[in-house]
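Per-entry structural report
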Amino acid sequence: MLILLPPSEGKTPAKTGNPANLSELSFPELTSARQEVARALASVSSQEDALTQLGVGASLHQEVRRNTRLAGEPAAPAHSIYTGVLFDALGYHGMTAAQKRKADSAVVVVSGLWGAVGFADRIPAYRLSMSVGLPGLGKLASFWKPKLAAALLAYTEGQLLVDCRSSTYAAAWVPDPERTVAVNVFTERDGVRKVVSHFAKHTRGELARHLLTRRGMAPETPEQLRRAAAEKWNVELISGTARKAHALNIILTD
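The text that follows walks through the structure, step by step, so that each part is easy to find. (Residues numbered from 1 in each chain as written. Predicted model: local features only at pLDDT ≥ 70, side-chain atom pairs only at ≥ 80, totals over all residues. Heavy atoms only, no water.)

What to know about the overall build of the protein
Summing up its helical and strand segments, the protein has 10 helices and 12 strands in all. In summary, the protein has a C-alpha radius of gyration of 18 Å against a globular reference of 18 Å for 254 residues, a match within 12%. By principal-axis analysis of the C-alpha atoms, the protein measures approximately 50 × 40 × 35 Å. Expressed as a percentage of its 254 residues, the buried residues of the protein come to 49%. For the protein, contacts bridging at least 24 residues in sequence account for 68% of all contacts bridging at least 6. For the protein, the accessible surface area stands at approximately 12,000 Å², while carbon and sulfur atoms represent 51% of it. (Helix = DSSP H or I, 4+ residues; strand = E, 2+ residues; numbered from the N terminus. Rg over C-alpha atoms; globule rule 2.2 N^0.38 Å. Buried < 20%, exposed > 50% of the residue type's maximum accessible area, 1.4 Å probe, protein only. Contact = heavy atoms within 4.5 Å. Areas by Shrake-Rupley, 256 points an atom, 1.4 Å probe, with all protein chains shown as cover.)

In structure tokens:
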């Protein structure tokens with residue numbers, strides 16, 4: 001089983017430590033593409049209209065400035081850099097040593113800057129969404145799509161993919177639908193279902209934690225995933241097609 005996550009928009013910078021070595025990240029075949037994106041990001045981030053080009057507000061000026069010096073910034077494991085609702089709910093730092101090892105091997109974060117990284121990969125904090133277009137590269141989802149398809153094909157072969165990505169990051173790589181289960185979260189009241197992004201992030205993080213910390217074998221099929229999720233939530237599994245992944249719908253009630 002592999003769990004696909006989006007990055008958090010906000011990051012917690014490492015206070016100390018050596019800079020990242022891009023060749024040591026998971027999926028080293030992406031190194032040259034990562035360097036291309038990093039150079040384009042640094043260039044954009046040094047311009048007067050950087051905030052507009054990156055689609056962020058004035059309060060994030062210092063984070064954007066950090067993009068210009070990523071090669072020298074301290075790096076830390078991705079599970080420490082990525083923070084926010086989903087990652088707080090996943091609760092990596094409260095896991096046992098064995099659970100952390102499982103998370104390090106099972107979690108893949110799809111990123112606008114790195115393409116994809118493992119949970120233990122050392123990276124600096126940065127500011128870049130997959131929805132951004134960079135000069136010379138275009139929209140990042142389109143830039144990364146063929147590269148991720150090539151890099152992740154062998155790595156994910158035979159694995160059940162629990163896809164907790166948002167639509168922005170899901171656009172960057174479409175895995176084999178037969179082995180993929182997209183996780184959706186709804187609230188239901190009086191028989192009416194609604195999608196709410198905040199609860200979706202939190203619940204996806206809780207699901208990831210449950211799958212990484214529960215006793216027993218990790219799910220290997222969509223049905224086994226449904227049964228594992230049903231240990232904590234009201235769920236339904238929608239079978240996929242040749243082109244569309246399976247869907248695990250988690251229904252939260254008021």
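Topic: the side chain of S111
With respect to the helices, strands and loops of the structure, S111 is situated in strand β3 (residues 107–111). A polar side-chain atom of S111 sits 3.1 Å from the main-chain amide nitrogen of L113. (Polar contact = N/O pair within 3.5 Å; in protein donor to acceptor, adjacent residues only side chain to side chain.)

A word on the packing of aromatic side chains
Inspection of the entire model under this criterion finds 7 aromatic pairs. Between the aromatic rings of Y92 and F119, the centroid separation amounts to 5.6 Å while the plane-to-plane angle is 90 degrees, which identifies the pairing as edge-to-face. Highlighted residues: Y92 in the loop between α5 (85–90) and α6 (97–106) and F119 in the loop between β4 (115–118) and β5 (122–123), separated in sequence by 27 residues. Taken individually, Y92 and F119 each receive the classification buried, so the pair is uniform in this respect. Aromatic side chains F143 and W144 sit 5.2 Å apart centroid to centroid with 80 degrees between the ring planes, which places their arrangement in the edge-to-face category. Across this residue pair, the class does not change: F143 and W144 are buried. Stacked on the ring of Y126, the Lys or Arg K11 has its end atom at 4.3 Å from the ring centre. Its guanidinium or amino end placed over the ring of F143, K147 lies 4.0 Å from that ring's centre, counting from NZ or CZ. (Phe/Tyr/Trp six-rings, centres within 6.5 Å; stacked < 30°, edge-to-face > 60°. Lys NZ or Arg CZ within 6 Å of the ring centre and 35° of its normal.)

Digging into the environment of S23
You can see S23 is positioned in the loop between β1 (2–5) and α1 (31–45). In this structure the C-alpha to C-alpha distance between S23 and R34, which are 11 residues apart in sequence, comes to 9.8 Å. Not counting chain neighbours up to four residues away, the residues in contact with S23 comprise P28 and T31. A distance of 2.7 Å separates the side chain of S23 from the side chain of N21, its partner in a polar contact.

Section: α1
Helix length check: α1 (15 residues) gives 21 Å between terminal C-alpha atoms against 21 Å at 1.5 Å per residue, within 8%. T31, A33, R34, V37, A40, L41, V44 and S45 are the residues of α1 that are buried. Buried residues in α1 make contact with α2 (50–54), α3 (61–66), β4, β6 (133–134) and α7 (140–156). (Expected span 1.5 Å × (residues − 1).)

Considerations on the nonpolar core
By size, the foremost hydrophobic cluster in this structure holds 79 residues, and its most contacted members are I3, L128, L134, W144 and V162. Among the elements that make up this core, the one with the highest residue count is α7 (7 residues). Apart from residues no more than four positions distant in its own chain, L134 is found in contact with V37, A40, L41, V44, L54, L128 and L140. (Core = buried A, V, L, I, M, F, W, Y, C linked by side-chain atoms within 4.5 Å.)

Here we look at the pattern of salt bridges
Inspection of the entire model under this criterion finds 10 salt bridges. R127 serves as the salt-bridge partner of E63, at 3.2 Å between the closest nitrogen and oxygen. With a gap of 64 residues between them, E63 in helix α3 and R127 in the loop between β5 and β6 connect regions that are remote in the sequence. The partner of R165 in a salt bridge is D163, with the nearest N and O atoms 2.8 Å apart. For R165, a relative accessible area of 5% gives the class buried. A relative accessible area of 8% places D163 in the buried class. The structure contains a network of salt bridges with shared partners spanning R66, R69 and E73. (Salt bridge = Lys/Arg side-chain N within 4 Å of Asp/Glu carboxyl O.)

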